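Breakdown of the fold
If you want the building blocks of each chain, they are given just below.
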Amino acid sequence: MMDVASFWTRGGADRDLLLRTFWAVFLMVLVSGCGGLSVTRPAVGAWQQAGGGVDRTRVAESLAVPLAEAWQDNAQAAFGAESVVGGGGIVYVGTRQGEVLGYDGATGDRLGYLEVGDSVEGPLAIDGTTLYAASTGSRGEVQAHDLRAGKRLWRRKMEPIESGVLLAGGRIVVVEAGGTVQALDAKTGETTWSHEPESAAMVKAASVRAGELIVVADVMGHVRALRLSDGAVAWTRDLTAPVFATPAVSGDLIYLSTTQGHLIALDASTGNERRRAVVNPIVTTAPQPVAVRLTAPAISNGLVVVGGSDAVVRAFDASTLRPQWSHTFEDGVAAAPVFAGPLLYVATLGGELAAFNASGGAPIWTGEVRSRVKSALAVIDGRLIVLTEP
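Numbers given for residues are sequential positions, taken from 1 along each chain in its written order. Totals for whole chains, interfaces and linings use every residue, but because this is a predicted model, local features are given only for residues with pLDDT of at least 70 and side-chain atom pairs only at 80 or more, for both listing and counting. Neither water nor hydrogens contribute to the side-chain values; these are computed over all heavy atoms in the structure.

Here we come to the overall build of the chain. Numbering goes from the N terminus for both helices and strands, where a helix is a DSSP run of H or I of at least four residues and a strand is a run of E of at least two. For the chain, the count of helices and strands is 1 helix and 34 strands. The reference for a compact globule is 2.2 Å times residues^0.38; the radius of gyration itself is calculated from the C-alpha atoms. For 390 residues, the compact-globule estimate of 2.2 N^0.38 gives 21 Å, and the C-alpha radius of gyration of the chain, at 20 Å, lies within 12% of that figure. Reported as C-alpha extents along the three principal axes, the dimensions of the chain are approximately 50 × 50 × 40 Å. With a 1.4 Å probe rolled over the protein chains alone, any residue whose accessible area is under 20% of its type maximum counts as buried; one over 50% counts as exposed, and the rest are partly exposed. Expressed as a percentage of the 390 residues in the chain, the buried residues total 60%. All accessible-area figures derive from a Shrake-Rupley calculation using a 1.4 Å probe, and residue coverage is judged against the displayed protein chains alone. Total accessible area on the chain is roughly 14900 Å²; 49% of this is exposed by carbon and sulfur atoms. By the counting rule applied here, Lys and Arg register as positive and Asp and Glu as negative, while His and the ends of each chain are not counted. A charged residue contributes its charge at one atom only: NZ of Lys, CZ of Arg, CG of Asp or CD of Glu. For the chain, the centre of its 32 positive side-chain charges and the centre of its 39 negative side-chain charges are spaced 2 Å apart.

Spelled out as structure tokens, the structure:
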């Protein structure tokens, strides 16, 4: 079984680019031991953190249709829900094989790789030429690498980390398996503060920054807002529904999707619930209806958009959470969508890729990839990055 990272770029002259799989590079990786990744170009642009920034709103520069495949590479591993960062012509992809792969964004040439642990499930972060990664599995650790110098700056062994890293205010924020939040000095890796929850619960959703607060949501639906400066609790909230997808922050609201079909807006300062939209469960032949699992939200131009396991992508008014438009696919939507200027891009578990006029929901272009898409879409340097799995 091969897991493929597919990368798309705008049509026109790129339409005639040949499909390329870099077997020679892959074979070299197999025999080269601990690996290496050295780059001189610093990351610039929006996608230096998953979701396009600390607010995770998934908004990028315009990317016009039609699209054509520019290149692809077989990563020989699966991907987590939030696996891509980059900028300045370089794309970085984390894998469940515990590697971070570096690619030339224009050509697809693999620049090298880093071994960072057992499995990379959550977001990476790139700051200039410094890469941060966290891993899970039988062991967990956090690493910082100076890619220009080609060396590891520091390494911290911890409990497994499923929710990746958040770079905020000179700190790397990570959440261990039981829910303990650690803020590490980005330069040294030393702990500046930590916070343990009242009751242990796994955290799979990436953390998000809301002003001077770090917001963490766990699989039991408990949400904590901690002060970035010292880790003190600002507020807590129980959503009564599990959170697996990354929250997003826009204005004074934090938007959270749940596995029970709830899209919830909390006041960023107080944690009070301001709005809630509920998607009706899927009616099947089973004794009980099946709840709709929603993707991480994308937010732009007054809209909040989520995909669902019921094969529907839905747009809500960001202020009221009233439905604005929806579109039904043949297959479920597990990957978080992305805004690119006035367009919204969505991919499905059936390998369909579609672009919509975000304001009204009119579909304006469709394409296909070869396999299901489970990982969040990203737009880096004018290219749509799509990770696929069999």
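Moving on, we come to the packing of aromatic side chains. To pair, rings of Phe, Tyr and Trp, with the six-membered ring standing in for Trp, must have centres within 6.5 Å; the planes then decide the type, stacked if under 30 degrees apart, edge-to-face if over 60, and tilted in the middle. If you walk through the whole model with that rule in mind, you get 4 aromatic pairs. Their ring planes at 35 degrees and their centres at 5.3 Å tell us that Trp-71 and Tyr-103 sit as a pair that is tilted. Taken together, the residues span a long stretch of sequence, with Trp-71 in strand β4 (residues 67-74) and Tyr-103 in strand β7 (residues 99-104) at a distance of 32 residues. Residue Tyr-103 is classed as buried on the basis of its relative accessible area, which comes to 0%. Feature note: the residues Trp-325, Phe-329 and Phe-356 constitute an aromatic cluster, connected by ring pairs.

The term salt bridge refers to a side-chain nitrogen of Lys or Arg lying within 4 Å of a carboxyl oxygen of Asp or Glu. Tallied over the entire structure, the rule returns 14 salt bridges. A salt bridge links Lys-204 to Glu-162, with the shortest nitrogen-to-oxygen separation between them at 2.8 Å. Residue Lys-204 is found in the loop between β16 (191-195) and β17 (208-210), and its partner Glu-162 is found in the loop between β12 (151-158) and β13 (166-168); the two are separated by 42 residues along the sequence. A relative accessible area of 18% places Glu-162 in the buried class.

Right, let's get into the side chain of Ser-257. Position of Ser-257 among the secondary structure elements: in strand β22 (residues 253-257). Setting aside residues no more than four positions away along its own chain, Ser-257 makes contact with Pro-242, Val-243, Ala-245, His-262, Leu-263, Leu-294, Thr-295, Ala-296, Pro-297 and Val-306. In this analysis, two residues are considered to be in contact whenever any of their non-hydrogen atoms come within 4.5 Å of each other.

This part is about the environment of Leu-101. With respect to the secondary-structure elements, Leu-101 resides in strand β7. You can call Leu-101 buried: its relative accessible area is 0%. C-alpha separation for the pair Leu-101 and Val-84, spaced 17 residues apart in sequence, amounts to 9.8 Å. Setting aside its immediate chain neighbours within four residues, Leu-101 contacts Ala-75, Val-91, Tyr-92, Val-93, Thr-95, Arg-110, Gly-112 and Tyr-113.

Our focus in this paragraph is the sheet that holds β17. Two strands are said to pair when DSSP picks up at least two bridges between them. Strand order in the open sheet made by the 4 strands is β17-β18-β19-β20, with antiparallel pairing throughout. Every interior strand has two partners, whereas the edge strands, β17 and β20 (233-238), have only one. Looking at each pair of strands side by side, their axes are set apart by 25 degrees on average, direction ignored. Inspection of the sheet shows β17 paired to strand β18 (residues 213-217) by 3 bridges, in the antiparallel sense. In the sheet register, Arg-209 faces β18, and the bridge partner there is Ile-214. Comment: axis = line fitted to C-alpha atoms, over the contacting stretch for helices; angle = value between 0 and 180 degrees taken between N-to-C directions.

Further remarks concern the nonpolar core. For this analysis, a nonpolar core means a set of buried residues of the types Ala, Val, Leu, Ile, Met, Phe, Trp, Tyr and Cys, connected via side-chain atoms within 4.5 Å. Val-84, Tyr-345, Leu-377 and Leu-384 are the most contacted members of the largest nonpolar core, which totals 33 residues. Broken down by secondary-structure element, the contributors of at least two residues to this core are β4, β6 (90-94), β7, β29 (338-340), β30 (343-347), β31 (352-357), β33 (378-380) and β34 (383-388). The element contributing the most residues to this core is β34, with 4 residues. Counting residues in hydrophobic clusters, the runner-up holds 17 residues, among them Ala-210, Trp-235, Leu-239 and Val-243.

Turning our attention to the sheet that holds strand β9 (residues 125-127). Spatially, the 4 strands line up as an open sheet ordered β9-β10-β11-β12, and their pairing is antiparallel. Two strands lie at the open edges of the sheet, namely β9 and β12, each paired on one side alone. Between one strand axis and the next, the sheet turns by 15 degrees as a mean value, whatever way the strands run. Both strand β11 (residues 140-146) and β12 contribute to a ladder of 7 bridges, which runs antiparallel. What sits directly across from Gly-140, in β12, is Met-158.

This part takes up the pairing of β31. For β30 and β31, the ladder comprises 5 bridges, and the chain directions are antiparallel. Counterpart to Leu-344 in the pairing with β31 is Phe-356. Where β30 folds back on β31, the antiparallel hairpin that results is connected by 4 residues, among which Gly-351 adopts a positive phi of roughly 85 degrees. Remark: 4 residues form the turn of the hairpin made by β31 and strand β32 (residues 362-368), two consecutive strands paired antiparallel; Gly-361 in that turn has positive phi of roughly 85 degrees.

Attention now goes to the side chain of Thr-295. Relative to the elements of secondary structure, Thr-295 occurs in the loop between β24 (273-278) and β25 (298-300). With relative accessibility at 3%, the residue Thr-295 sits in the buried group. Under this definition, polar contacts are N or O atom pairs within 3.5 Å; protein pairs additionally need one hydrogen-donor-capable and one acceptor-capable atom, and for neighbouring residues in sequence, both atoms have to be side-chain atoms. A polar atom in the side chain of Thr-295 sits 2.9 Å from the backbone nitrogen of Gly-307. In this view, Thr-295 contacts Ala-245, Ser-257, Val-306, Gly-307, Val-333, Ala-334, Ala-335, Ala-336 and Pro-337; residues no more than four positions away in its chain are not counted.

What follows concerns the environment of Glu-121. Along the chain, Glu-121 turns up in the loop between β8 (110-115) and β9. Using a relative accessible area of 17% as the deciding quantity, one classes Glu-121 as buried. Residues Glu-121 and Ser-83, 38 residues apart in the sequence, show an inter-C-alpha distance of 7.4 Å. Sequence-distant contacts of Glu-121, that is, excluding residues within four places in its chain, are made with Gly-80, Ala-81, Glu-82, Arg-96, Thr-136 and Glu-162.

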